[in-house]
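Okay, here's what each chain looks like letter by letter:
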Amino acid sequence: AQSVTQPDIHITVSEGASLELRCNYSYGATPYLFWYVQSPGQGLQLLLKYFSGDTLVQGIKGFEAEFKRSQSSFNLRKPSVHWSDAAEYFCARFKAAGNKLTFGGGTRVLVKP
Amino acid sequence: EPEVTQTPSHQVTQMGQEVILRCVPISNHLYFYWYRQILGQKVEFLVSFYNNEISEKSEIFDDQFSVERPDGSNFTLKIRSTKLEDSAMYFCASSTSTGQENLFYGYTFGSGTRLTVV
């Protein structure tokens, strides 16, 4: 079965520092991959998506992600985090059969002043 | 920007009671979904719904669960006899249907209903 793994449960980063969140997906055909952010008490907001083409994708709020087929990874990055980036981040994979998303376990990001 | 609306935002119910969670999908969307997130765990797919019938459901979606589109705008999730382990955040989502990529481009989540079973 297709799966998505986020190895880091928690990450603490200082404001202004760079951030990288890891995501690995299991083997399959060209994956459709996404990153969502969930702020406390809020719903899921789409940050960015990868379907095909350029392996470096830009998203909202200054985030980007790079698809690396050789490593089965789709890591999310931001050069300089802001206190408002403190949230939980979910990597997800879209499965056309059933049109459903399979989510990773999430990474909670804490931002230190 | 179009939104998926969920009501109520919080619901507390007694174990064994029936609960109905409500969702208003985006008006031109044709696929509807429910997901849930137990506190501290990953977001899990429950069910997808198209053309007035379930198109896929997960093993979580047992006989205690049902979905309905009672009119042209609402999409509901009913839990017949709630259990403590049904306590979770329930997310509704909807998407368009024209082609695989376009289908995803419209995939929008609501803000969720937090269900607490006591």
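I will try to describe carefully the structure that is included in this document. (Residues numbered from 1 in each chain as written. Chains lettered and ligands numbered in written order. Predicted model: local features only at pLDDT ≥ 70, side-chain atom pairs only at ≥ 80, totals over all residues. Heavy atoms only, no water.)

1. Some points on the sheet that holds strand E8 (residues 75-79) of chain B
Residues and elements named next belong to chain B.
Turning to step 1, where the next piece is worked out: On the basis of which strands lie adjacent, the open sheet formed by four strands has the order E1-E3-E8-E7 and antiparallel pairing. Only two strands of the sheet have a single neighbouring strand rather than two, namely strand E1 (5-7) and strand E7 (65-68). Strand after strand, the sheet turns through a mean of 20 degrees between neighbouring axes, direction not considered.
Turning to step 2, where the next piece is worked out: Across four bridges, the pairing between E7 and E8 is antiparallel. (Pairing = 2+ DSSP bridges. Helix = DSSP H or I, 4+ residues; strand = E, 2+ residues; numbered from the N terminus. Axes fitted to C-alpha atoms, helices over the stretch in contact; angles between N-to-C directions.)

2. Here we look at the side chain of Thr-13 of chain B
Turning to step 1, where the next piece is worked out: Residue placement: Thr-13 of chain B occurs in strand E2 (residues 10-13).
Turning to step 2, where the next piece is worked out: In this view, Thr-13 of chain B contacts Glu-18, Thr-82, Leu-115, Thr-116, Val-117 and Val-118 of chain B; residues no more than four positions away in its chain are not counted. (Contact = heavy atoms within 4.5 Å.)

3. Regarding the state of the cysteines
Turning to step 1, where the next piece is worked out: Per the counting criterion, the structure on display carries two disulfides over all chains.
Turning to step 2, where the next piece is worked out: Cys-23 of chain A shares a disulfide with Cys-91 of chain A; S-S distance 2.0 Å. Disulfide Cys-23 of chain A-Cys-91 of chain A: torsion about the S-S bond near -65 degrees, hence left-handed. On the criterion of sequence distance, the pair formed by Cys-23 of chain A in the loop between strand E3 (19-21) and strand E4 (24-25) and Cys-91 of chain A in strand E10 (residues 87-95) is long-range, its members being 68 residues apart. You'll find Cys-23 of chain A and Cys-91 of chain A in the same group, each marked buried.
Turning to step 3, where the next piece is worked out: At a sulfur-sulfur separation of 2.0 Å, the disulfide partner of Cys-23 of chain B is Cys-92 of chain B. (Disulfide = S-S within 2.5 Å. Buried < 20%, exposed > 50% of the residue type's maximum accessible area, 1.4 Å probe, protein only.)

4. Some details on the packing of aromatic side chains
Remark: the centre distance and the inter-plane angle together describe each pair of aromatic rings, the angle taken between the planes.
Turning to step 1, where the next piece is worked out: This structure, assessed with the given rule, holds 21 aromatic pairs over all chains.
Turning to step 2, where the next piece is worked out: Between Phe-49 of chain B and Phe-75 of chain B, the aromatic rings sit 5.3 Å apart at their centres with planes inclined by 40 degrees, giving tilted as the arrangement. Separated by 26 residues along the polypeptide, Phe-49 of chain B in strand E5 (residues 43-50) and Phe-75 of chain B in strand E8 bring together distant segments of the chain. Like Phe-75 of chain B, Phe-49 of chain B is buried.
Turning to step 3, where the next piece is worked out: Aromatic ring contacts, followed pair by pair, group Tyr-36, Phe-90 and Phe-103 of chain A together with Tyr-35, Phe-45, Phe-91 and Phe-109 of chain B into a single cluster. (Phe/Tyr/Trp six-rings, centres within 6.5 Å; stacked < 30°, edge-to-face > 60°.)

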